[in-house]
Amino acid sequence: MFYSSKIFNGYTMSEKIETIVILDFGSQYSQLIARRIRECNVYSKILPYYTSAAKIREEMPSGIILSGGPASVYAPKAPKCDKAIFTLGIPVLGICYGLQLAIQTLGGKVTRGKAREYGKAELRVSEKDKLFKGLPAKLQVWMSHGDKVQKIPAGFKKLAETGNTEYAAVVSKDRNFYGIQFHPEVVHTPRGKEIIKNFCSICGCKGNWTMASFIEQNIKDIKGKTGKEKVILGLSGGVDSSVAAALIHKAIGKQLKCIFVNNGVLRKGEAEKVRDVFAKNFKMDLTYIDAETRFLKKLAGITDPERKRKIIGNEFVKVFEEAASKIKGASFLAQGTTYPDVIESVPIDGNPSSMIKSHHNVGGLPEKMKLKLLEPLGRLFKDEVREVGRQLGLPEEIVMRQPFPGPGLAVRIIGPVSKEALTPLREADYIIVEEMKKAGYYYKIWQAFAVFLPVKTVGVMGDERTYENVIALRAVESMDGMTADWVKLPYDLLETISSRIINEVSGINRVVYDLTSKPPGTIEWE
Ligand code: XMP
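## A word on the overall build of the chain
- Within the chain, the secondary structure is distributed over 15 helices and 20 strands.
- In terms of overall dimensions, the chain is globule-like: its C-alpha atoms have a radius of gyration of 26 Å, near the 24 Å expected for 526 residues.
- In terms of principal-axis extent, the alpha carbons of the chain reach across some 80 × 60 × 40 Å.
- Out of the 526 residues in the chain, the part that is buried amounts to 55%.
- Counting only contacts in the chain whose residues sit at least 6 apart along the sequence, the fraction spanning at least 24 positions is 76%.
- Surface exposure of the chain reaches about 24300 Å², of which carbon and sulfur atoms provide 52%.
- Here the chain contributes 77 positive and 59 negative side-chain charges, whose respective centroids are spaced 5 Å apart.

Below, the structure is given as structure tokens:
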């Protein structure tokens with residue numbers, strides 16, 4: 001077989017990984033589709049719906065998926081894709097809006113349903129087809145649509161229906177087009193992953209996207225890009241920067257210069273742990289900067305959450321720049337940016353995009369420092385980042401660490417940040433993490449942490465009256481931090497955490513549990 005030396009996504013043709021392109025029509029589920037495909041060991045890439053067929057062809061995808069979306073195909077500003085996509089000779093799967101758009105584009109008819117169909121439905125498969133290979137004739141699927149297909153274009157065939165939807169799955173063999181009205185990517189379609197896997201097989205994919213091949217390829221890539229030059233990386237101890245550090249270190253060893261800034265609002269034992277793992281075990285070149293006094297001075301008396309964030313962000317840039325300027329001859333700045341950070345979001349009419357909190361803590365660093373960016377994890381989802389970390393030998397404690405905000409404990413102290421608040425908060429947080437781990441909850445949920453409340457309440461301990469501060473316990477489950485449910489922790493566990501905090505943490509005499517989901521609450525209190 002002939003292979004050209006052209007580079008695709010950083011891979012030469014001979015190493016080309018199988019890719020399925022997802023055209024995003026503003027669906028809340030596009031990233032889920034991408035993840036499900038990757039679970040089938042096929043690489044997936046999300047592109048905006050208006051990407052031209054020529055540009056898509058350059059990606060050399062094995063298949064294309066048209067996502068769902070909030071619009072109606074009849075809306076005046078309905079997002080449309082390049083029609084030439086249907087003539088590329090590449091298998092296409094339309095999901096929900098993607099199906100309706102294809103039907104309308106190819107000469108069929110879509111109408112507004114009498115009522116929205118939302119929730120579980122029973123799919124009755126009438127036609128044995130590769131898309132439903134290995135699946136029973138009846139299966140549960142998840143529906144979420146207002147419009148539906150009324151008439152299919154010539155050359156199309158019905159594959160399945162539900163009680164409310166005649167064309168719940170269709171195919172056009174000539175065009176190699178498949179369409180489904182339901183959502184195979186969500187957990188409420190329990191066998192959806194098999195349908196996605198079947199589509200990958202229809203696309204001829206064998207499944208060559210693995211984290212082992214990713215690591216191997218990226219080590220070559222990083223070596224090629226950096227040559228003999230030095231790379232600076234701000235290590236926070238979080239999953240992303242830790243895995244980026246481990247990967248780059250494996251590629252270029254001591255050419256990687258890590259900087260760890262203690263900003264005074266870290267958790268108990270955190271600075272020691274990072275030095276232990278990265279400097280001692282991995283033998284990385286790690287500069288540790290104790291900037292606690294500097295940060296706490298700037299934060300003194302500040303109560304507004306956004307001002308706390310800005311102060312910490314700005315101060316971090318200053319401290320980091322000072323440390324980086326001492327590293328002579330560095331030309332790259334490495335960041336642990338992951339795929340969800342780089343996916344171009346598509347503006348669809350009516351989509352909310354208001355900003356609740358400013359989460360960008362180190363914005364503007366590369367431009368200011370005139371360094372080239374190195375973002376080796378830019379193609380990975382979080383679960384893939386964790387797997388890479390594991391394969392590179394990082395301890396489970398780091399790989400599975402719960403998210404921790406850049407502004408740290410500063411946004412978990414309501415009111416001004418002070419040592420008097422930080423000390424009990426650190427102790428309470430430590431107890432929570434320890435007990436959550438013991439009970440097997442820590443790795444199952446998104447986050448569990450303590451919040452320090454600047455109110456004092458009366459208590460009685462022994463025969464003595466106490467008048468001390470309150471700690472709020474927050475524990476949430478979430479897929480991505482965008483929405484979250486509070487966790488129904490067992491009473492026994494709540495009791496243990498509460499009594500340990502009150503007995504062991506001086507200055508705290510009351511623990512309360514936060515019963516707010518997101519929305520309407522946010523995960524952090526500030
Ligand atoms: P919220 O509080 O917005 O949090 O519901 C969603 C997720 O983001 C984390 N978070 C932050 N992370 N800088 C960060 O790096 C921040 O300023 C910040 N604020 C919140 C939060 O811990 C949760 O996982």
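Now, onward.
## Some remarks on the sheet that holds strand β16 (residues 372-374)
- The strand order β14-β13-β12-β15-β16 describes an open sheet built from 5 strands, whose pairing is parallel. Edge strands, defined here as strands with exactly one partner in the open sheet, are β14 (285-290) and β16. In this sheet, neighbouring strand axes are inclined to one another by 30 degrees on average, regardless of whether the strands run parallel or antiparallel.
- Bridge count between strand β12 (residues 230-234) and strand β13 (residues 256-262): 4 bridges; the pairing is parallel. Among the inter-strand pairings, V231 is bridged to a residue of β13, identified as L256.
- Sheet strands touched by helix α5 (residues 211-226): β12, β15 (330-334) and β16. Its angle to β16, the strand with the most contacts, is close to 170 degrees.
- Strands β13 and β14 of the sheet are contacted by helix α7 (residues 270-281), whose axis makes an angle of about 165 degrees with β14.

## Some details on the packing of helix α6 (residues 239-252) against helix α12 (residues 382-391)
- Interaxial distance between α6 and α12 falls to 9 Å at its minimum, and their mutual angle equals 45 degrees. Taken as axis vectors, α6 and α12 run oblique relative to one another. The way α6 lies across α12 gives a crossing that is left-handed. In contact with V239, D240 and V243 of α6, α12 contributes K382, V385, R386, V388 and G389.
- Looking at the contact of α6 with α12, its residues break down into 4 nonpolar, 1 polar and 3 charged.

## Topic: the side chain of Q100
- Relative to the elements of secondary structure, Q100 occurs in helix α3 (residues 97-105).
- In terms of polar contacts, Q100 uses its side chain to reach the side chain of Q181, at 3.1 Å.
- Beyond its immediate chain neighbours, meaning those up to four positions away, Q100 contacts V73, V110, H145, D147, K148, V149 and Q181.

What counts and what doesn't
- Position numbers for residues count from 1 along each chain, tracking the sequence in the order it is written.
- Per-residue local features of the predicted model are confined to residues with pLDDT of at least 70, and side-chain atom pairs are confined, for both listing and counting, to 80 or more; whole-chain, interface and lining totals are unaffected and use all residues.
- Hydrogens and waters are ignored; side-chain quantities use all the structure's heavy atoms.
- Put simply, DSSP H or I for four residues or longer makes a helix, DSSP E for two residues or longer makes a strand, and each gets a number counted from the N terminus.
- The quantity called the radius of gyration is restricted to C-alpha atoms. Its globule counterpart is 2.2 Å times the number of residues to the power 0.38.
- Three labels apply to residues, based on accessible area from a 1.4 Å probe with only protein chains included: buried if under 20% of the type maximum, exposed if over 50%, partly exposed otherwise in between.
- Residue contacts are defined here by distance: any two heavy atoms, one from each residue, within 4.5 Å place the two residues in contact.
- Only the protein chains shown count as cover for residues, with accessible areas throughout obtained via the Shrake-Rupley method and a probe of 1.4 Å.
- Residues scored as positive are Lys and Arg, those scored as negative are Asp and Glu, and His as well as the terminal groups of each chain are ignored.
- Note that the charge is assigned to NZ on lysines, CZ on arginines, CG on aspartates and CD on glutamates.
- For two strands to be treated as a pair, DSSP must find no fewer than two bridges joining them.
- Only the stretch in contact is used when a helix axis is fitted, and all axes are lines through C-alpha atoms; the angle between N-to-C directions ranges over 0 to 180 degrees.
- Reported orientations rely on four angle classes, namely roughly parallel under 35 degrees, roughly antiparallel over 145, roughly perpendicular from 65 to 115, and oblique for the rest.
- Crossing handedness is defined as follows: a turn of the near helix away from the far one that is anticlockwise and smaller than a right angle gives a left-handed crossing, while the clockwise case is right-handed.
- Gly is put with the polar residues, along with every residue not named as nonpolar or charged; the nonpolar set is Ala, Val, Leu, Ile, Met, Phe, Trp, Tyr, Cys and Pro, and the charged set is Asp, Glu, Lys and Arg.
- Polar contact criterion, stated in full: a pair of N or O atoms within 3.5 Å, where within protein one must be able to donate a hydrogen and the other to accept it, and residues adjacent in sequence count only if both atoms are side-chain atoms.

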